[in-house]
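Each chain is listed here by its residues.
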Amino acid sequence: DAGVIQSPRHEVTEMGQEVTLRCKPISGHNSLFWYRQTMMRGLELLIYFNNNVPIDDSGMPEDRFSAKMPNASFSTLKIQPSEPRDSAVYFCASSLKGTSGGYEQYFGPGTRLTVT
Amino acid sequence: SQKIEQNSEALNIQEGKTATLTCNYTNYSPAYLQWYRQDPGRGPVFLLLIRENEKEKRKERLKVTFDTTLKQSLFHITASQPADSATYLCALEGNTPLVFGKGTRLSVIA
């Protein structure tokens, strides 16, 4: 398997522009997670899906952020409008979650977003 | 408020020695604790998972302990090598999905 695939790997945009990050999870995994990583705040969970349904979006910073998972093999994270403080590395991760916890997550390579 | 602290931002050790990293938490009751490795420019990679009813788990040169009374996990790398240099993240899972600490950057000096 190719692992979790994210695109683009790098994105530089101007403040106010719309940014769309993409993720393809590992085939067969039923849970998908979007994280943001900065030096100051570390790795923060933004939202996660189980069986394509958003379960917890309490980590989404504000209404400018939205995420979708239209099918089991694709998810997007959109920022509109973008702001300089959104600059960070955004990771997508997937896992095979059972009825109980204790499931390892597989991370993609990340998208480094710079908003000028 | 819930808090995860990893003992230090950076740890330098000599090759061949045992590296010990600490993860402390407050106001959590995790059922599981995981350790991940992250190299620069890459996503975290899963290393080990330990359950709340397990005291210790080993994998090759890695050992993890989990003390729910002390609210602490220790992560050991024995016979450390320069290739072990990376940032190591602990993560807790309880009633919420994984919550990560900020990590400890380990440098193994040859």
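Quick summary incoming for the structure in this document. Please read these numbers as outputs of a predicted model, since none were measured by experiment. (Residues numbered from 1 in each chain as written. Chains lettered and ligands numbered in written order. Predicted model: local features only at pLDDT ≥ 70, side-chain atom pairs only at ≥ 80, totals over all residues. Heavy atoms only, no water.)

### Description of the packing of aromatic side chains
Here is step 1: Evaluated as defined, the whole model comprises 13 aromatic pairs over all chains.
Here is step 2: A ring pair is formed by A:Tyr35 and A:Phe107, whose centres lie 5.3 Å apart and whose planes are at 35°; its orientation type is tilted. Taken as a pair, A:Tyr35 in strand 4 (residues 31–38) and A:Phe107 in strand 10 (residues 106–107) lie far apart in primary sequence, 72 residues in all.
Here is step 3: Residue A:Tyr35 is classed as buried on the basis of its relative accessible area, which comes to 0%.
Here is step 4: Judged by relative accessible area, A:Phe107 falls into the buried class, the value being 12%.
Here is step 5: Taken together, A:Phe33, A:Tyr35, A:Tyr48, A:Phe91, A:Tyr103, A:Phe107, B:Tyr36, B:Phe46 and B:Phe100 form an aromatic cluster joined through their ring pairs. (Phe/Tyr/Trp six-rings, centres within 6.5 Å; stacked < 30°, edge-to-face > 60°. Helix = DSSP H or I, 4+ residues; strand = E, 2+ residues; numbered from the N terminus. Buried < 20%, exposed > 50% of the residue type's maximum accessible area, 1.4 Å probe, protein only.)

### Describing the sheet that holds strand 8 (residues 72–77) of chain B
Residues and elements named next belong to chain B.
Here is step 1: If you walk across this open sheet you meet the 5 strands as 1-3-8-7-6, and the pairing is antiparallel. Two strands close off the open sheet at either side, each with one partner strand: strand 1 (3–6) and strand 6 (56–59). For this sheet, the mean angle separating the axes of adjacent strands, direction not counted, is 15°. (Pairing = 2+ DSSP bridges. Axes fitted to C-alpha atoms, helices over the stretch in contact; angles between N-to-C directions.)

### A closer look at the state of the cysteines
Here is step 1: If you walk through the whole model with that rule in mind, you get 2 disulfides over all chains.
Here is step 2: Between the sulfur atoms of A:Cys23 and its disulfide mate A:Cys92 the distance is 1.9 Å. Judged by the sign of its S-S torsion, about -65°, the bond between A:Cys23 and A:Cys92 is left-handed. Remark: A:Cys92 occurs in strand 9 (residues 88–95) and A:Cys23 occurs in strand 3 (residues 19–24); sequence separation between them is 69 residues.
Here is step 3: Taking the relative accessible area as the measure of exposure, A:Cys23 reaches 1% and is therefore buried.
Here is step 4: Classification of A:Cys92 by relative accessible area gives buried; the value is 0%.
Here is step 5: Note on cysteine connectivity: B:Cys23 is disulfide-linked to B:Cys90, with sulfurs 2.0 Å apart. (Disulfide = S-S within 2.5 Å.)

### Observations concerning the pairing of strand 8 (residues 74–79) of chain A
Residue and element names in this part refer to chain A.
Here is step 1: For strand 3 and strand 8, the ladder comprises 5 bridges, and the chain directions are antiparallel. The residue bridging Cys23 from the neighbouring strand is Ser75, located in strand 8.
Here is step 2: Here strand 7 (residues 65–71) pairs with strand 8 via 5 bridges, running antiparallel. Bridge pairing in strand 8 places Phe65 opposite Ile79.
Here is step 3: Between strand 7 and strand 8, which pair antiparallel one after the other, the connecting turn spans 2 residues.

### Section: the interface of chain B and chain A
Here is step 1: Contacts between the two partners involve 16 residues from chain B, matched on the other side by 20 residues from chain A.
Here is step 2: Summed over both partners, the interface of chain B with chain A buries about 1400 Å², with 55% contributed by carbon and sulfur atoms.
Here is step 3: If you sort the residues of chain B by the area they bury against chain A, B:Pro97, B:Phe100 and B:Lys102 come out on top, with a joint share of 32%.
Here is step 4: There are 0 salt bridges connecting chain B and chain A.
Here is step 5: If you look at where chain B meets chain A, you find 5 residue pairs in polar contact (both at pLDDT 80 or more).
Here is step 6: At the level of elements, strand 4 (32–38), strand 5 (45–51) and strand 9 (86–93) of chain B are the ones that each hand at least two residues to the side of chain B that touches chain A.
Here is step 7: Of the residues forming the side of chain B that touches chain A, the biggest block, 4 residues, is contributed by strand 4 of chain B.
Here is step 8: Considering only residue class, the side of chain B that touches chain A consists of 9 nonpolar, 4 polar and 3 charged. (Contact = heavy atoms within 4.5 Å. Buried area = accessible area lost by both parts, 1.4 Å probe. Salt bridge = Lys/Arg side-chain N within 4 Å of Asp/Glu carboxyl O. Polar contact = N/O pair within 3.5 Å; in protein donor to acceptor, adjacent residues only side chain to side chain. Nonpolar A, V, L, I, M, F, W, Y, C, P; charged D, E, K, R; others polar.)

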